[in-house]
Amino acid sequence: MNLPNIIRPEHTFIGVSAPTKWRALQIIAEKTARAFSVDSQIILKELEARERLGSTGIGNGIAIPHAAIEGMTSPRGVLIRFAQPLDFEAIDDIPTDIAFVLLFGENNRGEYLNVLSAIARRLQSDGLLAALRKARTADEFYSGFIADSRA
């Protein structure tokens, strides 16, 4: 899995302020809309619909919001660290401070499951999480996440 093909350094953000999960989804929709030239309302609608099915908070302070977006030709992602942890209704009730957002096209459903799985595995590493939480810049945050991801 070559994560640099899915997430780019310019799609990495730290210090994002959001008081609630639902406001976080709005901010995520705005950032991904600008990054991938897709209407933010379409992204928001799909992210909210997915979240209503069940929280994408996977635990340990991590969330992986994801949605199928018409017109996207390959999976693309955005990496975010929130300024303050927020209640993402995660399965372990630990507030979320890191989110990897994955958008994919309708024709990429099989591929996106592989990407989600790879991301979830990476984000369960305590060493990686500690490095991501210590990163002072978006570049450090990105580099920490991407390190050794080509393997």
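Note: the structure precedes this text.
Residues numbered from 1 in each chain as written. Predicted model: local features only at pLDDT ≥ 70, side-chain atom pairs only at ≥ 80, totals over all residues. Heavy atoms only, no water.

Caption draft 1: Just the overall build of the chain, in detail. A count of helices and strands for the chain gives 5 helices and 6 strands. Taking 2.2 N^0.38 as the reference for a compact globule, 151 residues should give roughly 15 Å; the C-alpha atoms of the chain span a radius of gyration of 14 Å, in line with that estimate. Overall, the chain is about 35 × 35 × 25 Å in size when its C-alpha atoms are taken along their principal axes. Per-residue burial over the chain gives 49% buried out of 151 residues. For the chain, the share of sequence-separated contacts (at least 6 apart) that also reach a separation of at least 24 residues comes to 71%. Per element, the accessible surface of the chain, about 7,400 Å² overall, is 48% carbon and sulfur. Once the 17 positive and 18 negative side-chain charges of the chain are each reduced to a mean point, those two points are 4 Å apart. (Helix = DSSP H or I, 4+ residues; strand = E, 2+ residues; numbered from the N terminus. Rg over C-alpha atoms; globule rule 2.2 N^0.38 Å. Buried < 20%, exposed > 50% of the residue type's maximum accessible area, 1.4 Å probe, protein only. Contact = heavy atoms within 4.5 Å. Areas by Shrake-Rupley, 256 points an atom, 1.4 Å probe, with all protein chains shown as cover. Lys, Arg positive; Asp, Glu negative; His and termini not counted. Charge placed at Lys NZ, Arg CZ, Asp CG, Glu CD.)

Caption draft 2: Geometry of the packing of aromatic side chains. Throughout the structure, instances matching the rule amount to 1 aromatic pair. With 5.6 Å between their ring centres and 25° between their planes, Phe-100 and Phe-145 make a pair best called stacked. Residue Phe-100 is found in strand β6 (residues 96–104), and its partner Phe-145 is found in helix α5 (residues 138–146); the two are separated by 45 residues along the sequence. We classify Phe-145 as buried; its relative accessible area is 0%. (Phe/Tyr/Trp six-rings, centres within 6.5 Å; stacked < 30°, edge-to-face > 60°.)

Caption draft 3: Fine view of the nonpolar core. Among the nonpolar cores identified, the biggest contains 25 residues, and Ile-28, Ile-43, Leu-47, Ile-69, Ile-80, Phe-82 and Leu-103 are the most heavily contacted of them. The dominant element in this core, judged by the number of residues it contributes, is helix α1 (residues 21–36), at 7 residues. In this view, Phe-82 contacts Gly-15, Val-16, Ala-18, Ala-24, Ile-28, Thr-96, Asp-97, Ile-98 and Ala-99; residues no more than four positions away in its chain are not counted. Ile-7, Leu-79, Leu-102 and Leu-132 belong to the second largest nonpolar core, which has 24 residues in total. (Core = buried A, V, L, I, M, F, W, Y, C linked by side-chain atoms within 4.5 Å.)

Caption draft 4: Fine view of unusual backbone geometry. Phi at Ser-37 is positive, roughly 55°, even though this residue is not glycine. By the secondary structure assignment, Ser-37 is in the loop between α1 and α2 (40–53). One non-glycine residue, Asn-60, lies in positive phi territory at about 60°. Here Asn-60 shows up in the loop between β2 (57–59) and β3 (62–63). Since its relative accessible area comes to 26%, Asn-60 is described here as partly exposed.

Caption draft 5: Examining the environment of Ala-120 more closely. Along the chain, Ala-120 turns up in helix α3 (residues 109–123). Residues Ala-120 and Leu-25, spaced 95 residues apart in sequence, show a C-alpha to C-alpha distance of 19 Å. If we ignore the near neighbours within four places in the chain, the residues touching Ala-120 are Ile-58 and Ile-64.

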